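A look at the structure
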Amino acid sequence: MKEHLPGSAGGPVIEVSGLTKRYGDVLAVDDVGLSVRAGQTYALLGLNGAGKTTLIRMLLGMITPTAGSARVLGAAVTAGQRSAWARTGYLVEAPAAYPELTVRENLHLYARLRRLNHPGRHVEDIIERLALAPYADRRARTLSMGNLQRLALAKALIHTPDLLILDEPVNGLDPAGVVEIRTLLTGLAHQHGTTVLISSHLLAEVARLGGRIAILHQGRLLAEHDADSLDAHRRRHLKVATRDDATAHRVLREHGYHPEPGLLLTDQRALARPEQVATVLVKAGVPPTELHLVEEDLEAYFLRIVGVGHA
Ligand code: ADP
Ligand code: MG
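Residues numbered from 1 in each chain as written. Chains lettered and ligands numbered in written order. Predicted model: local features only at pLDDT ≥ 70, side-chain atom pairs only at ≥ 80, totals over all residues. Heavy atoms only, no water.

1. Details of the overall build of the chain
Each helix and strand counted, the chain has 10 helices and 13 strands in total. Overall, the chain is about 80 × 45 × 40 Å in size when its C-alpha atoms are taken along their principal axes. Each of the 311 residues in the chain was classed as buried or not, and the buried ones make up 46%. Partitioning the intrachain contacts of the chain with sequence separation of at least 6 by distance along the chain shows that 68% fall at a separation of at least 24. (Helix = DSSP H or I, 4+ residues; strand = E, 2+ residues; numbered from the N terminus. Buried < 20%, exposed > 50% of the residue type's maximum accessible area, 1.4 Å probe, protein only. Contact = heavy atoms within 4.5 Å.)

2. Notes on the pairing of strand β3 (residues 41–45)
The buried fraction of β3 is high, at five of five residues. Judged by which residues are buried, β3 turns out to be covered on both faces: Thr41, Ala43 and Leu45 on one side and Tyr42 and Leu44 on the other are all buried. Where β3 meets strand β8 (residues 195–200), five bridges bridge the pair, whose relative direction is parallel. In the strand pairing of β8, Thr41 is matched with Val196. As defined by bridge partners, β3 adjoins strand β9 (residues 212–217) across four bridges and the pair is classed as parallel. Bridge pairing in β9 links Tyr42 to Arg212. (Pairing = 2+ DSSP bridges.)

3. Observations regarding the packing of helix α2 (residues 103–113) against helix α3 (residues 119–129)
Axis separation between α2 and α3 bottoms out at 9 Å; the angle between their running directions is 130 degrees. The angle between α2 and α3 places the two elements in the oblique class. Between α2 and α3 the crossing geometry is right-handed. In contact with Arg104, Leu107, His108 and Ala111 of α2, α3 contributes Pro119, Gly120, Val123, Glu124, Ile126 and Ile127. (Axes fitted to C-alpha atoms, helices over the stretch in contact; angles between N-to-C directions. Parallel < 35°, antiparallel > 145°, perpendicular 65-115°, else oblique. Left-handed = near helix turned anticlockwise from the far one by under 90°.)

4. Here we look at the nonpolar core
Ranked by internal contacts, the top residues of the largest apolar core, which has 46 residues, are Leu107, Leu203 and Ile213. Take this core: its biggest share by element is six residues, from helix α4 (residues 145–157). Leave out the neighbours within four places in its chain, and Leu107 touches Val123, Ile126, Ile127, Leu151, Ala154, Lys155 and Ile158. Met58, Leu60, Ala70 and Leu216 belong to the second-largest nonpolar core, a separate cluster that totals 27 residues. (Core = buried A, V, L, I, M, F, W, Y, C linked by side-chain atoms within 4.5 Å.)

5. Remarks on unusual backbone geometry
The phi angle at Leu73 is positive, at roughly 50 degrees, despite the residue not being glycine. Position of Leu73 among the secondary structure elements: in the loop between β4 (67–72) and β5 (75–76). A positive phi angle, near 45 degrees, is found at Thr160, a position not held by glycine. For Thr160, the position within the fold is in the loop between α4 and β7 (163–167).

6. What to know about the confidence of the model for the chain
Here the chain averages 89 in pLDDT, while 94% of its residues score no lower than 70. Ranking the helices and strands of the chain by mean pLDDT puts strand β1 (residues 14–23) first, with 98, and helix α10 (residues 298–306) last, with 79. pLDDT under 50 marks residues 1–9. Its contacts with residues more than four places away, or in other chains, come to 15 contacts. (pLDDT = per-residue confidence, 0-100.)

7. Some thoughts on the site of ligand 1
The immediate surroundings of ligand 1 are formed by Tyr23, Val26, Ala28, Leu47, Asn48, Gly49, Ala50, Gly51, Lys52, Thr53 and Thr54. Within the backbone of Gly51, one N or O atom sits 2.9 Å away from an oxygen atom of ligand 1. A total of 560 Å² of accessible area belongs to ligand 1 in isolation, and the protein chains cover 60% of it. When residues of the shell around ligand 1 are traced back to their parent elements, those giving at least two are β2 (26–36) and α1 (52–59). Element by element, the count of residues in the shell around ligand 1 is highest for α1, at three residues. A breakdown of the residues in the shell around ligand 1 according to their chemical character gives five nonpolar, five polar and one charged. (Near = heavy atom within 4 Å. Polar contact = N/O pair within 3.5 Å; in protein donor to acceptor, adjacent residues only side chain to side chain. Areas by Shrake-Rupley, 256 points an atom, 1.4 Å probe, with all protein chains shown as cover. Nonpolar A, V, L, I, M, F, W, Y, C, P; charged D, E, K, R; others polar.)

8. Digging into the pattern of salt bridges
This model, assessed by the stated rule, comprises 17 salt bridges. For Arg212, the salt bridge identified is with Glu224, shortest N-O distance 2.9 Å. Here Arg212 is found in strand β9, whereas its partner Glu224 is found in strand β10 (residues 220–226), with 12 residues between them in sequence. One network of salt bridges, in which partners are shared, links Glu100, Arg139 and Arg141. (Salt bridge = Lys/Arg side-chain N within 4 Å of Asp/Glu carboxyl O.)

9. Remarks on the packing of aromatic side chains
Per the stated rule, a full pass over the model turns up zero aromatic pairs. Lying across the ring of Tyr110, Lys155 places its NZ or CZ 5.5 Å from the centre. In this structure, Arg269 is placed above the aromatic ring of Tyr257, and the distance from its NZ or CZ to the ring centre is 4.0 Å. (Phe/Tyr/Trp six-rings, centres within 6.5 Å; stacked < 30°, edge-to-face > 60°. Lys NZ or Arg CZ within 6 Å of the ring centre and 35° of its normal.)

Dropping the structure here:
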């Protein structure tokens, strides 16, 4: 863990209240309040246009809120204010690199911009950590999207920040790259106590990171979950099939169940004791040819609560 730093003494690393950004008729971010504790991994989950980038830009002082306030690392954020910058690493939208410079040259430039002591050491260290060695002497303009993203992450991490803010960091990465970034982020949280704020449109991905998940939709924060308690909010139903579904439907109703079309049962009793459902059907002469518990997957859950699913 890091030594105790002023500004993060026990309090939240990010604290947002009533944060709002309006663009004409569009409320890009609508009265958002949230709080991120030191060492926490906190994910903003939302579809395209949900307001993730706008919220992150406000946290970084890149744009001015229409209303509300944000504190980052103990200091109030105001546009252009940079007091938290030295302890923050970030990646927002399109990864930026000087196209004619090599990966190593880009990182050297950035290390000097960050005024790091021993910039060369930091550069070689981050090249190693992000597996950029094979590309270190390639010009940035020749890199694949995934490797450009890796270079952008290297920039965000070069000074081992206390707070890391990443806007859709796995965009453009192949599946191996996604796993690599996930391992890197969980490692940072565990080894350095780094606080991570990440945005994504991939629920399964942020669920794997652990930590807290805030669901953002049309600028509003709809729900907050712990990644490991998400399960409790997913829908379950018992799917039954027989050779005579009309009869089975009637029999189940007679026994107090509430079958839905397609012989789906969502009754708690049915979910808890599926074998009783089977027994009832067997006794009535319509034995199940199929009976299994179907769990809503994470993406379906997400789409349902933001109201664009078909469930
Ligand atoms: P996300 O990052 O979740 O995809 P954004 O924060 O980029 O969402 O956008 C949220 C909403 O605000 C969208 O409707 C977007 O079109 C709008 N928006 C974002 N930036 C601007 C801008 N500079 N001018 C006008 N509208 C904007
Ligand atoms: Mg965005």
